[in-house]
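Architecture at a glance
This is what each chain is made of:
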Protein chains: 2
Amino acid sequence: MTAVWQCQGVTSTSTGAVRQGSLRELNLAVVLRRIAAADRPPSRADLAAATGLTRATVSAVVDDLIAGRLVTEADPAPRAGAGRPARGLVLAADGPAGLGLEVNVDYLAACVVDLTGTVRHHLVRRADLRPVSPADTLDRLAALAAEARAAAVREGLTLAGAALAVPGLVSDGGLVRLAPNLGWRDVDVPRLLGGRPLAEPVDGIPPLVVDNEANLAALGELHAGPPGSASFLHVSGEIGIGAGIVLDGALYRGARGWSGEIGHIPVDPRGRTCRCGGQGCLERYAGQEAILAAAGLPGADLPADTAAARLADLAAAGDPATLTALTDAGTALGVAVAGVVNLLDLDTVVLGGGYAPLARWLSPPVVAEVSRRVLTAAWAPVTVRPAALGAQSAAVGGAASVIRRIIDRPVGWLARSG
Amino acid sequence: MTAVWQCQGVTSTSTGAVRQGSLRELNLAVVLRRIAAADRPPSRADLAAATGLTRATVSAVVDDLIAGRLVTEADPAPRAGAGRPARGLVLAADGPAGLGLEVNVDYLAACVVDLTGTVRHHLVRRADLRPVSPADTLDRLAALAAEARAAAVREGLTLAGAALAVPGLVSDGGLVRLAPNLGWRDVDVPRLLGGRPLAEPVDGIPPLVVDNEANLAALGELHAGPPGSASFLHVSGEIGIGAGIVLDGALYRGARGWSGEIGHIPVDPRGRTCRCGGQGCLERYAGQEAILAAAGLPGADLPADTAAARLADLAAAGDPATLTALTDAGTALGVAVAGVVNLLDLDTVVLGGGYAPLARWLSPPVVAEVSRRVLTAAWAPVTVRPAALGAQSAAVGGAASVIRRIIDRPVGWLARSG
DNA sequence: TCATTTAATTCAACCACTGAACAAATTACG
DNA sequence: CGTAATTTGTTCAGTGGTTGAATTAAATGA
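Report on the accompanying structure. In this text, all values refer to a predicted model and were calculated from it rather than measured experimentally.

Rules used in this analysis
Residues numbered from 1 in each chain as written. Chains lettered and ligands numbered in written order. Predicted model: local features only at pLDDT ≥ 70, side-chain atom pairs only at ≥ 80, totals over all residues. Heavy atoms only, no water. Pairing = 2+ DSSP bridges. Helix = DSSP H or I, 4+ residues; strand = E, 2+ residues; numbered from the N terminus. Axes fitted to C-alpha atoms, helices over the stretch in contact; angles between N-to-C directions. Contact = heavy atoms within 4.5 Å. Buried < 20%, exposed > 50% of the residue type's maximum accessible area, 1.4 Å probe, protein only. Phe/Tyr/Trp six-rings, centres within 6.5 Å; stacked < 30°, edge-to-face > 60°. Lys NZ or Arg CZ within 6 Å of the ring centre and 35° of its normal. Salt bridge = Lys/Arg side-chain N within 4 Å of Asp/Glu carboxyl O. Polar contact = N/O pair within 3.5 Å; in protein donor to acceptor, adjacent residues only side chain to side chain. Nonpolar A, V, L, I, M, F, W, Y, C, P; charged D, E, K, R; others polar. Near = heavy atom within 4 Å. Expected span 1.5 Å × (residues − 1).

The subject of this paragraph is the sheet that holds strand E10 (residues 208-212) of chain A. Residue and element names in this part refer to chain A. The mixed open sheet is built from 5 strands, whose spatial order is E5-E4-E3-E6-E10. Edge strands, defined here as strands with exactly one partner in the open sheet, are strand E5 (119-126) and E10. Along the sheet, successive strands turn relative to each other by an average axial angle of 15°, direction set aside. The sheet contact formed by strand E6 (residues 158-166) and E10 spans 5 bridges and is parallel. From the neighbouring strand, Leu-164 faces E10, where its bridge partner is Val-210. Against the sheet, helix H6 (residues 213-224) makes contact with strand E3 (96-103), strand E4 (107-114), E6 and E10, and its axis sits at roughly 100° relative to E10, the strand it touches most. Helix H12 (residues 393-408) rests against E3, E4, E5, E6 and E10 of the sheet, and its axis sits at about 150° to E3.

As a further point, take the sheet that holds strand E9 (residues 184-188) of chain A. Residues and elements named next belong to chain A. Taking strand neighbours across the sheet as the criterion, the 3 strands line up as E7-E8-E9 in an open arrangement whose pairing is antiparallel. The two strands at the open ends of the sheet, each matched to only one other strand, are strand E7 (169-171) and E9. Geometrically, the sheet is characterised by an average inter-axis angle of 15° between neighbouring strands, direction not taken into account.

All right, on to the pairing of strand E3 (residues 96-103) of chain B then. All names here are of chain B. Of all the 8 residues making up E3, 8 are buried; the element is thus mostly covered by neighbouring parts of the structure. Covered by surrounding structure in E3 are Pro-96, Gly-98, Gly-100 and Glu-102 together with Ala-97, Leu-99, Leu-101 and Val-103, the residues of both alternating faces. In this structure, E3 lies alongside strand E6 (residues 158-166), joined through 7 bridges in parallel fashion. Within E6, the residue paired with Leu-99 across the bridge is Ala-162. Here E3 runs beside strand E4 (residues 107-114); their pairing, made up of 7 bridges, is antiparallel. Bridge pairing in E4 places Leu-99 opposite Val-112.

As a rule of thumb, non-glycine residues mostly have phi less than zero, and peptide bonds are mostly trans rather than cis. Residue and element names in this part refer to chain B. Of note, the phi angle at Arg-69 is positive, near 65°, even though the residue is not glycine. Residue classification places Arg-69 among the partly exposed positions, given a relative accessible area of 45%. Unusually for a residue other than glycine, Asp-186 sits at a positive phi of about 50°. With respect to the helices and strands, the residue Asp-186 is situated in strand E9 (residues 184-188). We classify Asp-186 as partly exposed; its relative accessible area is 47%.

Glancing now at the packing of aromatic side chains. Following the criterion strictly, the structure yields 0 aromatic pairs over all chains and no others. In this arrangement the basic side chain of Arg416(A) is found over the ring face of Trp413(A), its NZ or CZ atom lying 3.8 Å from the centre.

With that settled, the discussion passes to the pattern of salt bridges. Counted under the stated rule, the structure contains 37 salt bridges over all chains. Between Arg373(B) and Glu369(B) there is a salt bridge; the shortest N-O distance is 2.7 Å. With Arg373(B) and Glu369(B) both in helix H11 (residues 359-373) and 4 residues apart, the pair spans about one turn of that helix. Assessed through its relative accessible area of 10%, Glu369(B) is described here as buried. Shared partners join several salt bridges into a network, and the residues in it are Glu25(A), Asp203(A) and Arg409(A).

Right, let's get into the interface of chain A and chain B. Facing the 78 residues of chain A at the interface are 71 residues of chain B. On the surface where chain A and chain B come into contact, there are 2 salt bridges. Two residues, Arg256(A) and Asp345(B), come together in a salt bridge whose shortest N-O distance is 2.9 Å. In this structure, the connection of chain A to chain B is made through 16 residue pairs in polar contact (both at pLDDT 80 or more). Across the side of chain A that touches chain B, the residue classes tally to 36 nonpolar, 24 polar and 18 charged.

Moving on, we get to the protein's contact with DNA strand C. As a structural note, the neighbourhood of DNA strand C is formed by 26 residues, with Ser59(A), Gly83(A), Arg84(A), Arg87(A) and Thr54(B) the closest of them. When atoms of DNA strand C within 4 Å of the protein are sorted by moiety, sugar and phosphate together comprise 70%. Measuring from a phosphate oxygen of DNA strand C, one finds a side-chain N or O atom of Ser59(A) at 2.4 Å. Residue composition of the surface near DNA strand C, grouped by class: 9 nonpolar, 10 polar and 7 charged.

Here helix H11 (residues 359-373) of chain A contains 15 residues, and its C-alpha end-to-end distance of 20 Å stays within 8% of the 21 Å for a straight helix at 1.5 Å per residue. The complete set of buried residues in H11(A) reads Ala359(A), Trp361(A), Leu362(A), Ser363(A), Pro365(A), Val366(A), Glu369(A), Val370(A) and Arg373(A).

Take the protein's contact with DNA strand D next. In the neighbourhood of DNA strand D, 26 residues make up the surrounding shell, with Thr54(A), Gln20(B), Ser59(B), Arg84(B) and Arg87(B) lying closest. What you see for DNA strand D is that sugar and phosphate hold 66% of its atoms within 4 Å of the protein. Taking Thr57(A), its side chain carries an N or O atom lying 3.1 Å from a phosphate oxygen of DNA strand D. Looking at the surface near DNA strand D, the elements that each hand over two or more residues are helix H1 (22-37) and helix H3 (55-67) of chain A together with helix H2 (44-51) and helix H3 (55-67) of chain B.

Given below as structure tokens:
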């Protein structure tokens, strides 16, 4: 019997019938989501009013959640007026947690996020991984993951699942089809990580999800960013340019999980030829190599992080070539982003990955192009902002995707040991 | 030890609580959807097997559906082997129906679609509506709708809702912000149609939905097109160029309902200036006016339908200027569409509206650009096809959106009179 | 101190699904 | 031709989970 490894969200057309027990299953999720989304610890009565369920039902559901270590009673929120004081309910900080992993060109990262969304641990190992074989890289990653897990367990946390971000195309089953900057091609991550368990088995939560770095970074921003922007585009500027698309609070992955290829939107059809075969692709104007070349920096070989830092230093020092390069890149990016915003009617654009430290200089030209080209900008402005988590977005987003699964379907966790 | 953990897409969409009665409500929808999606009339036993519910439950649910005129028993499907013959279940053809309406530059349309998806009536009134005031136009539309309704009622149908397609931006509440080709600005459709009821009031179904023509046309293609393509882009070439985006079988409307503005994706940033303020927008290369001008046709004043027909005639006759114009337009369209397909990972592109009759000449250059520029085209080909419904897509799609609402939540209809 | 107010629990009633037994309607086979 | 096999659909007691009202709990205020 083979283990089922999952990669991306299943396009679940499953017309799930609602059986007797599903009722409780669904209400557990409803109540837990409400607790997670509240800005103030709600009481059972608050939850009853908000969900439309009876107080009796809410009490029963909450009892289950507390017994399963998903929810804890907090100090009563101070309330004016008479009446028995409410007992506030909050997500438990010592229950399940998610493990977020990231492999990138110049570092490995592992982080642990608990149910409340707090980043409990964050480990980063810097190293140039391009000369390292995939197997060795994943060995090092597994060691880092084990370290993070041990630290989490010491604090009483239980890792309920793991998500790995890679800078490349991932297909179902965790197969990395192509990660050009790492030099990976058809790397079967679950097989190479095979024996080493990263997390406890929990029903409904795959032990390891492998996903595109831009996708998970977008989830990280959804998780950490200011509330209210439920539809946004997260643009990651690395050597390639990837985008994570969040629509109505959910990551959109595309028909095959390969959405977000924004780097080859044409910004100048008669312009520079691109390795993809097209002409004038965005990547040739706003990709890292293009910016470095335009700034007069020879180091096309620099790891991603370092390159962005170098550019930020030069720009901060007022280097004219760098400033021009960033303005031009921002303009190209703005052209492409404006097209996307027009198409999808988004209200927010997040500059992440390598763009995060450069956002100060990239934003103005992006904003200029967007407000010039987006038809509805007059009625409803488009926000352009740097990533709240910066370069950590992907690992945190991966971990957050695990806890999100628990919150969306708590019965899987509750059915665990008990 | 690794166990088998199957991934399960979390389905629950609404944050609404699941109350006692919701159980039946949800299962009514599950069973009805199954019947609608089946290619052969299923028996109660088939449904039980497919949904996981008990045969007893399915029987009870089906009884409700039959009592509510949503489902009928059909002739038993011939089956080999022993056993009591099954009674096939099909959607009722004499129950609720949807009314689809369309206002366009040169015609008004109304159509009636029943639960089975059959177009029962389709009325079109050709007239140049640009000189007509919005109020007068809507008066005529109401008359046409009344005619369609009378015909439907004569056949025993009950109109459960109506959807109106307009070529413009629509905001919540049915306010048409801007329909440039009609010359409409801030037209309050519900108010102008005010007193005249278009459909019976049914719980959960708005009596009139006003939506962008491209959106409803995309729904029409989803309804009528070949199954299997649940994520596609429907491009409508009129004077402007609109796109309806269907993701995972659902129309994506954007944060404010204004998605699909594909006409201003830049295909040549240093090219022709556009009325939107940008440069080199797609509309200036593949819009109707641009194609007509390139083909050497003076009649920029032609109504949309006629223009497409004229171009098709000329192209069929082999007129060189027209053929070149169409190839160039197709190339520009292909550049833009390739960007969208890369971004959203779509597997199908539908050429509709004014493009439908021209698809024979537009498709090749579109396909060429798409296969050249879409990175994943090598792994999974992208289909480019003309709209199955042609110019009728929008009205039919509007009607189909009504019956879809009934199928997705039948309890609203059942709670009606019966 | 006692009425008032709000929070949370308890408990009988009820609704909808479950599972098994049964009736119905056909084919398979001796 | 008649009986067994087979599959469909219904009936009915049983059960899980929600409901609504009554009850208990814990505070404020006069």
